[in-house]
Amino acid sequence: MKDYLRQFQQVHALIAIGEDLPVHGNQVDLDPTHKDEHGLPVWRITHAYHPNDLKLKAYYERKMQEIAQAAGAEKSWVVDMTQGSTGHLMGTCRMGDDPEKSVLNRWCRSHEVDNLWVVDGSCFPTSGGYNPTLTIVANAYRVADHFVREARRMNLR
């Protein structure tokens, strides 16, 4: 492995994070045929890219190739990250006022399970084309502040 990696002493990567637009059919559900070792259904991800996502990908690939050439790259190539990549997929527990169309309310509390609060990236329908970590952290603080306020009022039945 070390000998193989020595071939790549001056390799650099250019990476673009594009927004993964919400697509109505994208979902996480229980697979009706596949079961785990306990006989329970396993989860599955159904995901299709929005046509704009693919246009954005093609645009970024061209631009990054141009940047690499302008920087003097002797060789460059594109890695297709749309195949199996789930880096910033979101929306599996969408936030909203309508329990028929969302899993969580505006405070990231489950519509169906009173004592379930979800403060990861799943409450957002999209990452907005940027690494979502700081948005997730800001939302977690917002939800925690609300939670503490409501707990002090004894309003978390």
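Everything below is about the structure printed above this text.
Source: prediction; values computed, not measured. (Residues numbered from 1 in each chain as written. Predicted model: local features only at pLDDT ≥ 70, side-chain atom pairs only at ≥ 80, totals over all residues. Heavy atoms only, no water.)

> Outline the nonpolar core, listing residues and values.
Counting eight residues, the largest nonpolar core consists of M90, C93, L104, C108, V118, C123, F124 and V143. When residues no more than four places from it in sequence are discounted, the contact partners of C108 are M95, L116, W117, V118, V119, C123, N139, R142 and V143. (Core = buried A, V, L, I, M, F, W, Y, C linked by side-chain atoms within 4.5 Å. Buried < 20%, exposed > 50% of the residue type's maximum accessible area, 1.4 Å probe, protein only. Contact = heavy atoms within 4.5 Å.)

> Hey, could you go over the side chain of R109 for me, with residue numbers and the actual values?
Looking at where R109 falls in the secondary structure, it is placed in the loop between α2 (51-70) and α3 (133-152). Not counting the four nearest positions on each side in its chain, R109 is found in contact with V103, L104, D114, L116, W117, N155, L156 and R157. (Helix = DSSP H or I, 4+ residues; strand = E, 2+ residues; numbered from the N terminus.)

> Describe the pairing of strand β2 (residues 41-46), with residues and values.
Here strand β1 (residues 27-35) runs beside β2; their pairing, made up of five bridges, is antiparallel. Pairing of D29 across the sheet is with R44, part of β2. Where β1 folds back onto β2 in an antiparallel hairpin, the turn is made up of five residues, including G39, whose phi is positive at roughly 85 degrees. (Pairing = 2+ DSSP bridges.)

> Can you break down the pattern of salt bridges residue by residue, with the values?
Overall, the coordinates contain seven salt bridges when judged by the stated rule. We note a salt bridge from E61 to K57, for which the minimum N-O separation is 2.8 Å. With E61 and K57 both in helix α2 and four residues apart, the pair spans about one turn of that helix. The closest approach of N and O atoms between E150 and R153, which form a salt bridge, is 2.8 Å. (Salt bridge = Lys/Arg side-chain N within 4 Å of Asp/Glu carboxyl O.)

> Report on a nonpolar patch on the surface, specifying residues and quantitative values.
On the surface, M1, Y4, L5, F8, V11, W77, V79 and M81 cluster together into a nonpolar patch covering about 890 Å² of accessible area. One can find W77 in the loop between α2 and α3. (Patch = residues over 30% accessible without salt bridge, like charges linked within 9 Å, V, L, I, M, F, W, Y side chains within 5 Å. Areas by Shrake-Rupley, 256 points an atom, 1.4 Å probe, with all protein chains shown as cover.)

> Talk me through α3; I want residue IDs and the actual numbers.
The terminal C-alpha atoms of α3 lie 29 Å apart, and with 20 residues this matches the ideal 28 Å at 1.5 Å per residue to within 8%. Burial in α3 covers these residues: N139, V143, H146 and E150. In an axial view of α3, the angular spread of the buried residues amounts to 60 degrees, which keeps them on one side of the axis. Facing away from the buried side of α3 by more than 90 degrees, the exposed set consists of L134, Y141 and R152. Just downstream of α3, M154 is the residue with a positive phi angle, here 60 degrees. (Expected span 1.5 Å × (residues − 1). Arc of directions from axis to C-beta.)

> Would you mind going over the packing of aromatic side chains in detail, with residue names and values included?
Counted by the stated rule, this structure contains two aromatic pairs. The interplanar angle of 80 degrees and the centroid separation of 5.0 Å between the aromatic rings of W117 and F147 together place this pair among those described as edge-to-face. Taken together, the residues span a long stretch of sequence, with W117 in the loop between α2 and α3 and F147 in helix α3 at a distance of 30 residues. (Phe/Tyr/Trp six-rings, centres within 6.5 Å; stacked < 30°, edge-to-face > 60°.)

> How would you explain the state of the cysteines if you had to name every residue and give the values?
Scanning all chains against the criterion turns up zero disulfides. The thiol sulfur of C93 is not disulfide-bonded, and the nearest other cysteine sulfur, from C123, lies at 8.6 Å. No disulfide involves C108; its sulfur sits 3.9 Å from the nearest other cysteine sulfur, which is in C123. On the basis of relative accessibility, which here comes to 0%, the residue C108 falls in the buried class. (Disulfide = S-S within 2.5 Å.)

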